[in-house]
Amino acid sequence: MRNYPVYTVTPKAERSLRNGHPWVFGDEVVQMTPGEAPDGSLVDVRSAKGAYLGTGFVNRKSKIRVRVISTNANDKFDEPFWRRRIRYALAYRKTVMGSDFGACRLIFGESDQFPGFVVDKFGDVLSVQVMCLGIDMIKMQLFRILIEELSELGENIRAIYERGDVATRGLEGLEQTKGFVELPGLSTDLSGHVAIEENGISFDVDYIDGQKTGYFLDQKYNRRAVMNLARGRRVLDCFTHTGAFALHAAKGGASHVTAVDVSAYALERARDNATRNGLDDVEFVCADVFELLTARDERGDRSDDFIILDPPAFTKSHATARSAYRGYKEINLKAMRLLPRGGYLATCSCSHFMKDDMFRQMLVEASHDANVSLRQIEARQQSPDHPILLDVPETNYLKFYLFQVV
């Protein structure tokens, strides 16, 4: 019989847990059983009346004091438990991604009941992030199970690379780290580059030095939507990063594509991706997007009739959401002013702090200021390998819209 320390929580935390949210914050803990529960270990969470609410990883260094991993009082948190969880996650991806399983997110943190754990599959390489102390303490076991379960699906993994070079590890008291995972049968001396295919386009993924895990898989089907609209159009792809939207537009038959990013390194990667796909007519411009859009507006340059705005997250907290609102409005207003009637706009936000209703209100205000109307073509979200739990709003972060200016 298991005997975990007990954390008693406030009625507010009880309601949140019963509604499906897996976090207990430090100020929501009202009592702990005597004795130490080492950070990273498991504790039971109970209501003031003693009702069992769940079991999770505790960490006193984090504002999120307990990350609940199960609400089943009969669960045993042994290897078979974690193997079942991994099997569920892989089975879901095989179902929803189909032929796109070769490059997809296998585990998406809380959405798969693995707090702070992200696993992206790029062909035969896994790029992983661990941002929870409890998961960090068992990660080698999870890596081994992942390899074994993927092998059962006919997927032979050549290497696992850990991208622990993220500031959020510090919130859990973890040091930043990166490097190849050492397990029997895995390589630890690869180049850090692997080729993937997305919507018929080949991309080189730099999983050592690229942003996040090396490539943004969440926009896969949004890029396909852009491809389907691009034929015959002059496309301006802002914040192109390694060229994913730009190359999809070119592959879709755009008459001209200009890809803009402030990072010379990112543009070099984008050029390489264009060359590997025989899309050498894409124009790459190293510039600040805000400045470039302003300069085009000042000189009356209305030559592009499809503008794509895929900026980095302008806010990573509620405190800066209003400032981010102004930033999103500024670039969208500039883009709307540059587009001719009948032109197209793809615009998005990847911050869950910029809620969808705020983003839509920003677009309404920007369109009024630009003296245009927007006809919505599609409202989209992240691809289904980044599943959204309705009870956990943090998993719902990507907003993507396609409009025609009328």
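Here is a short report on the structure shown in this document. (Residues numbered from 1 in each chain as written. Predicted model: local features only at pLDDT ≥ 70, side-chain atom pairs only at ≥ 80, totals over all residues. Heavy atoms only, no water.)

Before going further, it helps to spend a moment on unusual backbone geometry. One non-glycine residue, Asn199, lies in the positive phi region at around 55°. One non-glycine residue, His241, adopts positive backbone phi at about 55°. Inspection of the secondary structure puts His241 in the loop between β14 (234–238) and α6 (244–251). (Helix = DSSP H or I, 4+ residues; strand = E, 2+ residues; numbered from the N terminus.)

Attention now goes to the state of the cysteines. Within the structure shown, the criterion is met by zero disulfides. With no disulfide of its own, Cys104 lies closest to Cys350 among cysteine sulfurs, the gap being 20 Å. Looking at the unpaired Cys286, the closest cysteine sulfur is the one in Cys238, lying at 14 Å. Owing to a relative accessible area of 48%, Cys286 belongs among the partly exposed residues under this scheme. (Disulfide = S-S within 2.5 Å. Buried < 20%, exposed > 50% of the residue type's maximum accessible area, 1.4 Å probe, protein only.)

This part is about the nonpolar core. Residues Tyr207, Tyr215, Val226, Val257, Val282 and Phe306 are the most contacted members of the largest nonpolar core, which totals 46 residues. No other element matches the six residues that α6 contributes to this core. For Val226, the residues in contact, after removing those within four places along its chain, are Phe245, Ala249, Phe306, Ile308, Ala346, Phe400 and Leu402. Membership of the second largest hydrophobic core comes to 35 residues, among which are Leu106, Val128, Ile135 and Leu142. (Core = buried A, V, L, I, M, F, W, Y, C linked by side-chain atoms within 4.5 Å. Contact = heavy atoms within 4.5 Å.)

What follows is about the pairing of strand β15 (residues 256–261). Of all six residues in β15, six are buried, a share of seventy percent or more. Burial along β15 is two-sided: His256, Thr258 and Val260 facing one way and Val257, Ala259 and Asp261 facing the other are all buried. Pairing geometry for β14 and β15, over five bridges, is parallel. For Leu236, the partnering residue across the bridge sits in β15 and is Thr258. A crossover links β14 with its parallel partner β15, the connecting element being α6, and its sense is right-handed. Taken together, the four bridges between β15 and strand β16 (residues 283–286) define a ladder with parallel strand orientation. When the bridges of β16 are listed, Thr258 appears paired with Glu283. (Pairing = 2+ DSSP bridges. Right-handed = clockwise from strand over helix to strand, strands pointing away.)

A word on the sheet that holds β16. Across the sheet, seven strands lie side by side as β16-β15-β14-β17-β18-β20-β19; this open sheet has mixed pairing. This sheet does not close on itself; its edge strands, each paired only once, are β16 and β19 (374–380). Neighbour-to-neighbour, the strand axes of the sheet open up by a mean angle of 15°, direction not taken into account. The sheet contact formed by strand β18 (residues 344–349) and strand β20 (residues 399–405) spans six bridges and is antiparallel. Its bridge partner lying in β20, Thr347 is registered against Tyr401. Here α6 sits on the sheet and contacts β14, β15, β17 (306–309) and β20; the angle it forms with β15, its principal contact strand, is near 180°. (Axes fitted to C-alpha atoms, helices over the stretch in contact; angles between N-to-C directions.)

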